[in-house]
Amino acid sequence: MALCAFAGVMMEFLLSGRFRFISSHIGIDATMRVHQLMARMLTLALILHPFLYTGGGINSPMVWDVTRQASLNFGLAGVLTGLVAWIALIVLVLMGMFREKHSGGYEAWRASHGFAALIVAVFGTVHVLRAGRYSEAPLLTWFWIAMLVIAITTLVWVYVLKPLWQIGHPYTVRSLRRIADRTWEVVIAPDRGEAIQFEAGQFVWLNIGNSPFSLFENPFSIASAPSQRGELAFVIKEVGDFTRSLGGIATGTRAYVDGPHGNMTIAGRGGAGIALYAGGVGIAPILSILRELRESGDPRPVMLLYGNRAADQIVYREELQEAARRMDLQVEHFLMEPPADWRGRTGVIDEAALAEAFRNRDAADWLHVICGPLPLIERIEKALLSDGVPSSRILSERFYYD
Ligand SMILES: Cc1cc2nc3c(=O)[nH]c(=O)nc-3n(C[C@H](O)[C@H](O)[C@H](O)COP(=O)(O)OP(=O)(O)OC[C@H]3O[C@@H](n4cnc5c(N)ncnc54)[C@H](O)[C@@H]3O)c2cc1C
């Protein structure tokens, strides 16, 4: 049990959300959920395992191991390294579960998470090799060394190799303007050549004004269309330390991107029509998809249900109106707090709004893309599923990375 659980812990390094070959296939939300669920289950097994070994007292053989084939080597290196890894793992998982309460900010949390993970990997591997009997077999010894190399390589990749690559591929902030209440449009352009290739709906880790080796980078969806090769645009809402500092950033500031990541993309997914649902700043990746559909002249009907609290939070209203004239696009604005002269819809995008939107169409034939606050995503997903839309036709992404 302990060996299987520790092998799982070592694979957790690949599920940190920084590896495109995973997150671009199953999506960042699923990657992070698997990472967390696995961490909790594996930790439970690893918390228990010393008690199973020593249940009958440290010197008495285990009831299922009277011949002591599997018993531990209780030498100093075996026991102490295990104790360090065991405590570090518990701290690591508790810190992850209570991250919101961490007072030092996301970056400090991320640094301590990475450091504790390294301790678990290194001390855990020494413990596995020194304390148990099974791992004395050469094949298993090499297996554990390979696992440790993979774990350390993931850290070196994220914290050393990627930043080194970014130094050779710098971007510059080209423009920055307030486009709605506490909402900014940020446009960056590569110093040389073209911007990264991505699919509409994907996101990057964006670092503005810091060294590429710093931990100050945040995930933001790209709002521009992939065909706009010379620059990347973002729509960013002020919520915390970095996003509230946007107004003070000068054009010409150095920027770096890590990506693209995420799988909320419509390329190759089919669908008789495309229904886009955005709540607040969740419009960012939806805009990218919409702009790409417009630029590529996709003939399919498109519907955008766009919800905000107040009218001054709506972004790119004219562009959306213009797009509705140029393509088969129906735009429905929803406001929770509408002004007196509001002519759009009121309230949130709910089951009734969906029933209305699909009165003469079969929702099951369409592709549905949802981005916004979690309650909005869950509500729309639930309504679509109960309308018989297969889950393979529903894509969503929440703007919360834990
Ligand atoms: C896939 C994805 C795409 C997103 N796209 C957009 C977008 O297009 N527009 C937009 O306005 N917002 C987007 N967000 C949300 C955005 O990342 C956060 O609002 C932003 O990071 C907050 O940073 P802060 O320093 O201002 O706030 P803080 O108060 O420091 O952080 C608030 C919360 O933001 C998250 N966060 C902060 N820093 C990081 C980080 N370095 N890495 C990961 N998460 C972090 C954490 O959950 C944190 O609890 C997206 C989030 C995700 C996961």
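Structure's up top.
Quick caveat, the model's predicted, so the values are computed rather than measured.

Rules used throughout
- Residues numbered from 1 in each chain as written.
- Predicted model: local features only at pLDDT ≥ 70, side-chain atom pairs only at ≥ 80, totals over all residues.
- Heavy atoms only, no water.
- Helix = DSSP H or I, 4+ residues; strand = E, 2+ residues; numbered from the N terminus.
- Buried < 20%, exposed > 50% of the residue type's maximum accessible area, 1.4 Å probe, protein only.
- Contact = heavy atoms within 4.5 Å.
- Areas by Shrake-Rupley, 256 points an atom, 1.4 Å probe, with all protein chains shown as cover.
- Lys, Arg positive; Asp, Glu negative; His and termini not counted.
- Charge placed at Lys NZ, Arg CZ, Asp CG, Glu CD.
- Salt bridge = Lys/Arg side-chain N within 4 Å of Asp/Glu carboxyl O.
- Polar contact = N/O pair within 3.5 Å; in protein donor to acceptor, adjacent residues only side chain to side chain.
- Axes fitted to C-alpha atoms, helices over the stretch in contact; angles between N-to-C directions.
- Parallel < 35°, antiparallel > 145°, perpendicular 65-115°, else oblique.
- Nonpolar A, V, L, I, M, F, W, Y, C, P; charged D, E, K, R; others polar.

Moving on to the overall build of the protein chain. Helix and strand content of the protein chain: eleven helices and twelve strands. Each of the 402 residues in the protein chain was classed as buried or not, and the buried ones make up 49%. Taking as baseline every contact in the protein chain between residues at least 6 positions apart, the subset at least 24 positions apart corresponds to 73%. Total accessible area computed for the protein chain in this model is approximately 19,300 Å², and 61% of it derives from carbon and sulfur atoms. Charged side chains of the protein chain number 36 positive and 37 negative; the gap between the two group centres comes to 4 Å.

Turning to the pattern of salt bridges, a few remarks are in order. What the rule picks out here adds up to 19 salt bridges. Here D181 and R182 are joined by a salt bridge, their closest N and O atoms 3.7 Å apart. Here R300 ties to D298 by a salt bridge, and the two come within 2.9 Å at their closest N and O atoms.

Here the focus is the side chain of D258. One can find D258 in strand β6 (residues 254-261). Polar side-chain contacts of D258 include one of 2.9 Å to the side chain of K162. A distance of 3.2 Å separates the side chain of D258 from the side chain of H261, its partner in a polar contact. Among all residues touching D258, those that are not within four sequence positions of it are R18, K162, Q166, V204, W205 and E217.

Our next topic: the packing of helix α1 (residues 2-11) against helix α6 (residues 138-167). At a minimum axis distance of 9 Å, the contact between α1 and α6 shows a crossing angle of 25°. By the angle class used here, α1 and α6 are roughly parallel. Facing L3, F6, A7, M10 and M11 of α1, the residues of α6 in contact are F143, W144, M147, L148 and A151. A per-class count over the contact of α1 with α6 returns ten nonpolar, no polar and no charged.

Purely spatial values, then, with no claim about function.
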